[in-house]
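Summary of structural features
Listed below, chain by chain, are the residues.
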Amino acid sequence: VVLGSEGRGEQLLKTDQDNALLARDDPPPAALEEAAQRFHDALARIGYPPCPGGVMVTNPAWRQSLAGYRATMRGWIDGSDREGPMHLAIFLDAAPVAGDARLLDELRARLEAALRALDAFLARFVAAVEQFDEGGGWWTRLIARRDDAPLDLKKAAIFPIVHGVRALALQYRVRALGTAQRVDALVAAGRLDAALGRDVVDALHFLLQLRLDVQLREHALGHAPTNEVQPGRLGTLERDRLHDCLGIVRRFRAFLRQHYRLSSL
């Protein structure tokens, strides 16, 4: 399976490797390790560098049998694994690319069953949307039009949308992987207001396009692409749209705070 933005179908520029392997039973460890290494090396040769966080088939934690993953997932949920919520978020975006996709379906069904009635866990899970919040600092700076400090599009806006929608999809058992598709399913099921859902998707599409434009310009200059944009270098229309998008992110965060009662954590 592929993970992260690849799994969601939202990767624009080629990034590092994010993948995992699910096995029905426990295969011979040596053979599995060798196959994983060959796969990793082949991706590296065509330009996919290793994942800095080790989320790859070369990491034993991401190449397990179904039984192994079930035990690992219990740790993600019960708090015994401190990185559990992050690992769960990564797994929720998994998309099968080869082999028996029913293995992934089986794991997802088990995960959903284990999470029933665990409202406290869901609240802790979604609380990551507050991780990079500056109390409206970025949004306020754009209004003032005075501060030209770099703005991290991923931290300030893209991640809160993607992760907030991912949490709602987990809660309501939406199996879609793309953020826009998840929003459509949530709206159709009456779990998300249609106007907010439309605005969130529009904001995400603009933010992804803006990030791609900035990264392509950096690439053309021979610089390593980043997620940062300098608002002062944007045209008036782009800057105004960015301001509007950050306002939508603020509204979506407010909805998540109320929906999951994050103030009680």
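Residues numbered from 1 in each chain as written. Predicted model: local features only at pLDDT ≥ 70, side-chain atom pairs only at ≥ 80, totals over all residues. Heavy atoms only, no water.

1. Side note on the overall build of the protein chain
Looking only at helices and strands, one finds eleven helices and four strands in the protein chain. Its C-alpha atoms give the protein chain a radius of gyration of 19 Å, near enough to 18 Å, the size a compact globule of 265 residues would have. Projected onto its principal axes, the C-alpha positions of the protein chain cover 60 × 45 × 30 Å. Across the 265 residues in the protein chain, those meeting the buried criterion constitute 45%. Within the protein chain, contacts between residues separated by at least 24 positions form 72% of all contacts whose residues are at least 6 apart in sequence. Taking the 35 positively charged and 34 negatively charged side chains of the protein chain as two groups, their mean positions are separated by 3 Å. (Helix = DSSP H or I, 4+ residues; strand = E, 2+ residues; numbered from the N terminus. Rg over C-alpha atoms; globule rule 2.2 N^0.38 Å. Buried < 20%, exposed > 50% of the residue type's maximum accessible area, 1.4 Å probe, protein only. Contact = heavy atoms within 4.5 Å. Lys, Arg positive; Asp, Glu negative; His and termini not counted. Charge placed at Lys NZ, Arg CZ, Asp CG, Glu CD.)

2. Some details on the confidence of the model for the protein chain
When pLDDT drops low, the exact placement of atoms in the prediction is not to be read closely. Residues with a pLDDT of 70 or more make up 93% of the protein chain, whose mean pLDDT is 88. Model confidence for the protein chain, summarised as mean pLDDT per element, is weakest for helix α7 (residues 137-144) at 54 and strongest for helix α9 (residues 179-188) at 98. (pLDDT = per-residue confidence, 0-100.)

3. Section: the pattern of salt bridges
Applying the stated criterion to the full structure yields twelve salt bridges. When the shortest N-O distance is used, the salt bridge between arginine 257 and glutamate 130 registers 2.5 Å. Here arginine 257, found in helix α11 (residues 236-259), pairs with glutamate 130, found in the loop between α6 (119-126) and α7; they are 127 residues apart in sequence, far enough to count as distant. Take arginine 257: its relative accessible area is 32%, and that puts it in the partly exposed class. Glutamate 130 gets classed as partly exposed once you look at its relative accessible area, which sits at 26%. Across the salt bridge formed by arginine 198 and aspartate 199, the nearest N and O atoms sit 3.4 Å from each other. (Salt bridge = Lys/Arg side-chain N within 4 Å of Asp/Glu carboxyl O.)

4. Side note on α9
Here α9 has its buried residues at Thr179, Ala180, Arg182, Val183 and Leu186. Summarising the axial view, the buried residues of α9 lie within an arc of 160 degrees, below the 170-degree limit, and thus occupy one face. Exposed residues lying more than 90 degrees from the buried face of α9 are Asp184 and Ala188. The positive-phi residue at the C-terminal boundary of α9 is glycine 190, with phi of around 75 degrees. (Arc of directions from axis to C-beta.)

5. Quick notes on the nonpolar core
Core analysis: the biggest nonpolar cluster contains 68 residues, and Leu242 and Tyr260 have the highest contact counts within it. Of all the elements in the fold, those that place two or more residues in this core are α3 (66-78), α4 (84-92), α5 (102-115), α6, α8 (153-171), α9, α10 (194-220) and α11. With eleven residues, α8 is the single largest residue contributor to this core. Apart from residues no more than four positions distant in its own chain, tyrosine 260 is found in contact with Leu122, Ala123, Val126, Ala167, Leu168 and Gln171. (Core = buried A, V, L, I, M, F, W, Y, C linked by side-chain atoms within 4.5 Å.)

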